[in-house]
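Chain and residue survey
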Amino acid sequence: MFEEYYREPDPVKRKELLDGYIPEEGDEALPEQMRALFDLRYKRNRKGGYDDLFLRSWLDLKLASVASAGMMSKKRNQKQVCAAVRQLCLDRREEFSEEVLYEEMCHLTMVYISSCLRDSKYTGVFWGLGKVSDEKLQIRITTDLKEFTEGISRYPEQEEDFRILKTAIADTEQSLLKK
C-alpha cells in the first residue's frame, strides 16, 4: 500500500488509498502520520479538488534559494525559508518519523519533476516554439534541482531541517532521471 500511495500523484486517489488502508497490528502510527501529513499538505479548493500546499512551499523555497542575497532581500528570504520549512513540516521531526517525512519529500520531488516534464514553457525552446530534447530536458531538470539544493545550503541555520529534503531530492532525481 505504501509504495502505491507514494507513487500516486493524484491527491484524490492518494486520499482513497489512505482511507482504504487497514493497518496491521503494530502498524498504526505510520498511517496516522501519513494522514496527518496529507491533511497538512492538501487543502480542498472550490472546484472539489485539492491544492498542494507543500508544492507551493517548495516553489517559495526554490525562489528564496536562487534569490539574491542582497541586504534588503536577505531578511525577507530568511522569513520565506522559515515559513516553507514550517509548511513542509521539516521542523517537526519529533511529531513525524523521519521515514514518513522522507517519503513525502520524495513524493513532492516526483510531483515537481513530472510537472516540469508536462509544462510546455519548461520544455519549450524559445517562446514555446519547438521542444527541448529529452536528454536536454533531463539536464535542465538536474541543473535546476542542483541549483535548488545548493541554494538552500546558503541557510546553515536550517541545515538539519533541509537534510531530509536534500536526500529526498537526490534519491528521487537518481531514480527518475538517471534510468
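One numbering rule holds for all chains: residues counted from 1, following each sequence as written. A pLDDT threshold of at least 70 governs which residues receive local features in this predicted model, and a stricter bar of 80 or more applies before side-chain atom pairs are shown or counted, although totals over entire chains, interfaces and linings include all residues. The side-chain figures draw on all heavy atoms in the structure; neither hydrogens nor water molecules are used.

Counting from the N terminus, the helices are the DSSP runs of H or I reaching at least four residues and the strands are the DSSP runs of E reaching at least two. If you tally the helices and strands in the protein, you get 9 helices and 4 strands. Listing the helices and strands of the protein from first to last along the sequence gives α-α-α-β-β-α-α-α-α-β-β-α-α. Relative accessibility under 20% of the residue-type maximum defines a buried residue, over 50% an exposed one, and the middle range a partly exposed one, all with a 1.4 Å probe and only protein chains included. Per-residue burial for the protein yields a buried fraction of 42% across its 179 residues. In this description, contact between two residues means that some pair of their heavy atoms is separated by no more than 4.5 Å. Restricting the contact set of the protein to residue pairs at least 6 apart, pairs at least 24 apart contribute 63%.

The next point concerns the nonpolar core. One finds Trp 58, Leu 61, Met 105, Ile 141, Phe 162 and Leu 165 to be the most contacted residues of the largest nonpolar core, which totals 46 residues. Those elements that provide at least two residues to this core are helix H1 (2–7), helix H2 (11–20), helix H3 (29–41), helix H4 (53–66), helix H5 (71–87), helix H6 (98–118), helix H8 (134–152) and helix H9 (159–177). The biggest single contributor to this core is H6, with 10 residues. What Leu 61 contacts, discounting residues up to four positions off in sequence, is Val 81, Ala 84, Leu 88, Phe 148, Ile 152, Phe 162 and Leu 165. To qualify as a nonpolar core, a set must consist of buried Ala, Val, Leu, Ile, Met, Phe, Trp, Tyr and Cys residues joined through side-chain atoms within 4.5 Å.

Before going further, it helps to spend a moment on the pattern of salt bridges. Salt bridges are defined as contacts in which a side-chain nitrogen from Lys or Arg sits within 4 Å of a carboxyl oxygen from Asp or Glu. Here the structure, examined in full by the defined rule, presents 12 salt bridges. Here Glu 104 makes a salt bridge to Arg 14, at a shortest N to O gap of 3.1 Å. You can see Glu 104 sitting in helix H6 and its partner Arg 14 sitting in helix H2, a full 90 residues away along the chain. As far as burial versus exposure is concerned, Glu 104 and Arg 14 are alike and both buried. Residue Glu 104 pairs with Arg 41 through a salt bridge whose shortest N-O separation is 2.7 Å. On the criterion of sequence distance, the pair formed by Glu 104 in helix H6 and Arg 41 in helix H3 is long-range, its members being 63 residues apart. The exposure classification of Glu 104 matches that of Arg 41, with both residues buried. Here the salt bridges do not stand alone but share partners, grouping Arg 14, Arg 41, Asp 52 and Glu 104 into one network.

A residue is classified by how much of its surface remains accessible, and Arg 41, at 0% relative accessible area, is buried. One polar contact links Arg 41 to His 107, side chain to side chain, over a distance of 3.0 Å. Discounting residues that sit within four places of it in the chain, Arg 41 has contacts with Arg 14, Asp 51, Asp 52, Leu 53, Phe 54, Glu 104, His 107, Leu 108 and Val 111. Between N or O atoms, a polar contact is any pair within 3.5 Å; within protein, one atom must be a potential hydrogen donor and the other a potential acceptor, and residues adjacent in sequence are included only when both atoms are from side chains.

The subject of this paragraph is the environment of Ser 133. Relative to the helices and strands, Ser 133 is located in the loop between strand E4 (129–131) and H8. For Ser 133, a relative accessible area of 37% corresponds to the partly exposed category.

Note on geometry: axes are lines fitted to C-alpha atoms, helical ones only across the stretch in contact, with angles between N-to-C directions running from 0 to 180 degrees. At a minimum axis separation of 10 Å, H4 and H6 run at an interaxial angle of 75°. Classified by the interaxial angle, the pair formed by H4 and H6 is roughly perpendicular. The residues of H6 that touch H4, namely those facing Phe 54, Leu 55, Trp 58, Leu 59 and Lys 62, are Glu 104, Met 105, Leu 108, Thr 109, Val 111 and Tyr 112. Only Asp, Glu, Lys and Arg are considered charged, only Ala, Val, Leu, Ile, Met, Phe, Trp, Tyr, Cys and Pro nonpolar, and every remaining residue, Gly among them, polar. Residue composition of the contact of H4 with H6, by class: 8 nonpolar, 1 polar and 2 charged. Each angle receives one of four descriptions, namely roughly parallel if under 35 degrees, roughly antiparallel if over 145, roughly perpendicular if within 65 to 115, and oblique otherwise.

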